[in-house]
Amino acid sequence: MARAVVTLPAQARRGEIIEIKTLAAHPMETGFRRTQLGELIPRDIIRRFVCSYNGVEVFRVDLHPAVAANPLIAFTTVATESGTIAFQWIGDNGYSVTETASIRVE
Amino acid sequence: MTSRREFLILACGASSLTAARTVEAQIDPNQAALRKAAYREALRKVVGDAQVRRGRVKLQLPPLIDNGNSVPLSVEVESPMTAADHVRAIHVFTEKNPLPDVVSVTLGPRAGRAGLSTRVRLADTQTVTAIAQLSDGSFWSDSADVVVTLSACLEEGLI
Amino acid sequence: MSICTRPCLVLAVACVLLDLRAAGAAEIPPAERRSGYEFMGRETRAMQDDDATNPGLLWVLDGEALWKRKAGAADRACADCHGDARASMKGVAARYPAFDAALGRPVNLEQRINACRTGRQKAAPLAFESRDLLALTAYVARQSRGLPIDIAIDEPTRPFLQAGRETFYRRQGQLNLACAQCHDDHWGAKLAGSPITQAHPTGYPLYRLEWQGLGSLERRLRSCLVGMRAEPYAYGAPEFVDLELYLMWRARGMKIETPAVRP
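Residues numbered from 1 in each chain as written. Chains lettered and ligands numbered in written order. Predicted model: local features only at pLDDT ≥ 70, side-chain atom pairs only at ≥ 80, totals over all residues.

(A) Inspection of the pairing of strand E7 (residues 83-91) of chain A at higher detail. Residues and elements named next belong to chain A. Sheet analysis places strand E4 (residues 46-53) next to E7, joined by seven bridges and oriented antiparallel. Within E7, the residue paired with Val50 across the bridge is Gln88. Strand direction decides the pairing type here: E7 and strand E8 (residues 96-105), joined by eight bridges, are antiparallel. Bridging from a neighbouring strand, Ile90 pairs with Ser96 of E8. The turn linking E7 back onto E8 is made up of four residues, and Asn93 within it adopts a positive phi angle of 55°. (Pairing = 2+ DSSP bridges. Helix = DSSP H or I, 4+ residues; strand = E, 2+ residues; numbered from the N terminus.)

This is the structure in structure tokens:
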């Protein structure tokens, strides 16, 4: 199952600011909706998104139910060195997804 | 989303944009007051007693949205993003959603630019506010007004 | 106000505002046809255009994985017979619904996929609107993105096209509305703040913001029928497939946008 999609350049110049776009497959159930029978559907959302560059956290987002389903998180980071950029989504009910991408920096 | 059903926006015909100025969202007054109070409390938790100045932050939302379930939002803060002068955090709040917090970003000079693009849920026509916390401890903000209408045919539970 | 009365209120207002002449007014001239894409806000259009931000892509990727997965008693994957979908499925979705000789009537893309599942893979058919069927349909249809809709109408398909056309023009439901009254006669006007589109199914399956997920054309049609307080047909019902045939034929020449994004 495609859990997340990340889009970023495979290579960049040192010091260049690169754009990163991420999409995660998740219903982001708010906890405010009810079933036909009136029962509250419990909250089930992604709580946190963390981007790490060669192990160093460079961007973090705390999400709340107001974030739409299948959340898009688009941001920038400085291409400092070649290596691995890691993306982690953590949420309710043990939800944890990690994606990585390699980047070559000249 | 059942909470949205409680809001009746009667934006009829081509005059929906001008009509919005005079149309008031019909939320239960107690609930509106509670949500406003929750919004102020959420703001206070982040800002404390510090002054929040308008400027430096650019919050962008479509003025008339296609669907309140997914509203594209983009926030940018003017900053050199150096070790000495950068944005530490960006917070987005609403005043009429069931909960005031939308999203909080923690960042630093490695971000290059202080900004975020995402998609949010908005329960009603309202003002969305973004607060940026700078490395020098100052707070800056921007707000955007959005008109939210409901889908003409709500199918939830009927399909 | 309760859930059930909201659509009634909206459409009651619409009935007052719309001049309900008998259905059967002119079809939209081919040159004036516009995709639902053009009725959306700039930001929603951007969401569709960029693969990095289009949530429909999540289903397309799932479909790609399913395409390669062996299934059923025959232990076969779609790829085993059809190879690379980018080549073999190019143009397919633009031709559907298409006539199925064995059944003697047109079938839609979902039914065609299920026919392969049961007939070739010897697997159980996928349920309509299930994540797997939506993913596979989205993946197949994605291979026709940018291609013009090309529905072949010949002797065998003509009666089904006619049946679909009749459904489009027939008044239905408690509100006694025909599809044509909104989508031929009043496209461009507003229904409770949302623009009425011309109802061309150029991007299905699509990500609908109202659903917060990907869904099929039939799901969208059921939603309309329920809104009109008419009895919705069952998934895969001949009335639906005939109507889909008519709608796709009505949109002939327009480009496939799958996976589209719509409000």
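Now that the structure has been shown, the text picks up again.
(B) Spotlight on the sheet that holds strand E7 (residues 261-262) of chain C. If you walk across this open sheet you meet the three strands as E6-E5-E7 (chain C), and the pairing is mixed. Unpaired on one side and paired on the other, strand E6 (213-215) and E7 of chain C mark the two borders of the sheet.

(C) Local environment of the sheet that holds strand E4 (residues 87-94) of chain B. The sheet built from 10 strands is open, its strands ordered E2(A)-E8(A)-E7(A)-E4(A)-E5(A)-E5(B)-E4(B)-E7(B)-E8(B)-E1(B) with mixed pairing. Where the open sheet ends on each side, the last strands, each with one partner, are strand E2 (11-12) of chain A together with strand E1 (52-54) of chain B. Bridging between E1 of chain B and strand E8 (residues 139-146) of chain B involves three bridges; their strand directions are parallel. Note that in E8 of chain B the partner of Arg53 of chain B across the bridge is Trp140 of chain B. Packed onto the sheet, helix H3 (residues 29-47) of chain B meets E1, E4, strand E5 (101-107), strand E7 (126-134) and E8 of chain B and runs at close to 175° relative to E4 of chain B. (Contact = placed C-beta atoms within 7 Å. Axes fitted to C-alpha atoms, helices over the stretch in contact; angles between N-to-C directions.)

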